Amino acid sequence: MKKWIIALAASVLAGCGEDAPKALTDLSRDITGVASSEVAGKKLLEFSMKPSSRSSNANYFFQATSDINHILPKLLQYFPEERSDLIFFTLSADLTDKFGNVKSEPVIQVSFKTEDVKKINYKDGQFSSWSLLNLANNVEFLHPAGSTIVSDYCQDKDSIEYAHRFCQRYN
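Predicted model only: the values in this text are computed from it and were never measured.

1. A short note on the overall build of the chain
- When you go through the chain residue by residue, the secondary structure sums to seven helices and five strands.
- The helix and strand sequence of the chain, counted from the amino end, reads α-β-β-α-β-β-α-α-β-α-α-α.
- Per element, the accessible surface of the chain, about 10,300 Å² overall, is 52% carbon and sulfur.

Below, the structure is given as structure tokens:
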């Protein structure tokens, strides 16, 4: 009887936790692809993402950076064997052309130095997506819409206050 109770308790406790992702694409539902490469002796890890929320430009970018802030600690926890010098996040958005056609296009690429990401204290959710943006290594606008998205994001009073270094550099 004791063994049965212990087994039942263990299965209940195991069911309460989050399943370990089996692949890098399992780290978030917004990840559409992952690629590794090497450029000039630097190892790169690139996540392609299409954030699911797009009620406004500011909300889109906030959602994307919040998702990135959840992906990075999972990457370190579940895939410690992944070796890279830089981690890139290429964000795509649905864009409408002058004829009314909608097409998903890459608009923004944000990179982080892996050595910086490893230093972040993710315990208790105390590290915000604003703080993460302040650590961005580089931001590249892959489409003019990317610049507009970041500009709109940096008009928000909280973003101005908490992501001030990021907004000063890229707005």
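That shown, we press on.
2. Brief notes about helix 5 (residues 144–153)
- Regarding helix 5, the residues found buried are Ala145, Gly146, Ile149, Val150 and Tyr153. Summarising the axial view, the buried residues of helix 5 lie within an arc of 135 degrees, below the 170-degree limit, and thus occupy one face.

3. Looking at unusual backbone geometry
- Even without glycine at this site, Ala40 takes up a positive phi of about 50 degrees.
- A residue is classified by how much of its surface remains accessible, and Ala40, at 80% relative accessible area, is exposed.

4. Some remarks on the nonpolar core
- One finds Phe47, Phe61 and Phe166 to be the most contacted residues of the largest nonpolar core, which totals 41 residues.
- For this core, the secondary structure elements donating two or more residues are strand 2 (42–49), helix 2 (57–78), strand 3 (86–96), strand 4 (102–113), helix 4 (129–134), helix 5 and helix 7 (164–170).
- If you tally residues by element for this core, the top one is helix 2, at seven residues.
- For Phe47, the residues in contact, after removing those within four places along its chain, are Leu24, Leu27, Ile31, Gly33, Val34, Ile71, Leu75, Ile87, Phe88, Phe89 and Thr90.

So, how was this worked out
- Residues numbered from 1 in each chain as written.
- Predicted model: local features only at pLDDT ≥ 70, side-chain atom pairs only at ≥ 80, totals over all residues.
- Heavy atoms only, no water.
- Helix = DSSP H or I, 4+ residues; strand = E, 2+ residues; numbered from the N terminus.
- Areas by Shrake-Rupley, 256 points an atom, 1.4 Å probe, with all protein chains shown as cover.
- Buried < 20%, exposed > 50% of the residue type's maximum accessible area, 1.4 Å probe, protein only.
- Arc of directions from axis to C-beta.
- Core = buried A, V, L, I, M, F, W, Y, C linked by side-chain atoms within 4.5 Å.
- Contact = heavy atoms within 4.5 Å.

Function-wise, these values are silent; they only describe arrangement.
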